[in-house]
Amino acid sequence: MTIAARYADAALTLTTTSDIIAAQLAHRSVRKFLDTPVDDAQLQAIVAAAQSASTSSNLQPWSVIAVRDPQRKARLAALANNQQFINEAGLFLVWVADLGRARRVAERENAPLDGADYLETTIIGFVDTALAAQNAVVASESLCLGTVFVGALRNKPLEVADELGLPPHTIATFGLAVGVPDPTENAGIKPRLPQEAVLHQEQYDAAAADAHITGYDESLADYNRRHGLDGTWSGRVLTRLGTVASLHGREKLRDQLETRGLPSR
């Protein structure tokens, strides 16, 4: 049933599956939480799962900050476009691309670290952070917790760094609200692009893939109507990326990375 919901196609079934795949297919973003704490045992399990993600050359270039204090959550929510669910969630995790740890190792050993100044290393920091955070999402959902990523922390990364006391050579990549989902929330499994639009065999075929976008626009528009929203996927892409203003300050990220000690040459 969940693959049918994931692709908005009642005829779809999986002939190969597992409990983990079923849980992943049932994923949805949760933006309404019950007033229930996430305890330390749950946090420990979530971070252990995050640290079990793959990491380039075992660099492990990330850290995570667990925020529970209501006042700090409120300040972070204000910096992240005033998203109320940050205040409601029992736990707010801020995922940090962290090259500061490697820098401190180099200082301790009196060794060079010239490779850290390049874009490749910054990309590794962001990619590894995302891999770890996605593991945390799967772990959280296995514990019957809901989650939603918060990219809006990148709207004001310098202010977020000040709030969290981040050391040099680090930057908050995104947040993750974690908590017990409120069952009254009007939300479901949002359909994704059909596999034919994203899966290519041997070589990339743009014409064949893009032929499926019109049908997906119709499916997503129907989903949105059922949940009190409007618009298509194509419309969302154009709205989100159509103007510099739609980046909400993130167009300054390259300069802000350099300010944080991540020059990314």
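Note: the structure precedes this text.
The model shown is predicted, which means the values in this text are computed figures rather than measured ones. (Residues numbered from 1 in each chain as written. Predicted model: local features only at pLDDT ≥ 70, side-chain atom pairs only at ≥ 80, totals over all residues. Heavy atoms only, no water.)

Peer 1: How do you make sense of the pairing of strand β3 (residues 146-150) when you look at a structure like this?
Peer 2: Two faces belong to every sheet, and in a regular strand the side chains alternate between them. Counting buried residues in β3 gives four out of five residues, a clear majority hidden from the surface. Here five bridges tie β3 to strand β4 (residues 170-179), and the two strands are oriented antiparallel to one another. Bridge pairing in β4 places Val-150 opposite Gly-175. (Buried < 20%, exposed > 50% of the residue type's maximum accessible area, 1.4 Å probe, protein only. Helix = DSSP H or I, 4+ residues; strand = E, 2+ residues; numbered from the N terminus. Pairing = 2+ DSSP bridges.)

Peer 1: Honestly, a nonpolar patch on the surface in this entry has me stumped. Any pointers?
Peer 2: A grouping of Leu-119, Ile-123, Val-127 and Leu-131 is seen on the molecular surface, where their side chains present a nonpolar patch of about 300 Å² in accessible area. Along the chain, Leu-131 falls in helix α7 (residues 119-142). (Patch = residues over 30% accessible without salt bridge, like charges linked within 9 Å, V, L, I, M, F, W, Y side chains within 5 Å. Areas by Shrake-Rupley, 256 points an atom, 1.4 Å probe, with all protein chains shown as cover. Salt bridge = Lys/Arg side-chain N within 4 Å of Asp/Glu carboxyl O.)

Peer 1: Explanation requested: the pattern of salt bridges in the structure shown.
Peer 2: A side chain with one charge can pair with a side chain of the opposite charge if their charged atoms come near. The full count for this structure, using the stated rule, is 10 salt bridges. Residues Glu-163 and Arg-72 are paired through a salt bridge, measuring 2.8 Å at the closest nitrogen-oxygen approach. Here Glu-163, found in helix α8 (residues 157-164), pairs with Arg-72, found in helix α4 (residues 70-79); they are 91 residues apart in sequence, far enough to count as distant. Looking at Glu-163, the relative accessible area reads 17%, which means it is buried. Residue classification places Arg-72 among the partly exposed positions, given a relative accessible area of 30%. Close ionic contact of Glu-163 with Arg-75 constitutes a salt bridge, the shortest N to O distance being 2.9 Å. Of this pair, Glu-163 sits in helix α8 while Arg-75 sits in helix α4; the two residues are 88 residues apart in sequence, bridging distant segments of the chain. Within the structure, one salt-bridge network assembled from shared partners comprises Arg-72, Arg-75 and Glu-163.

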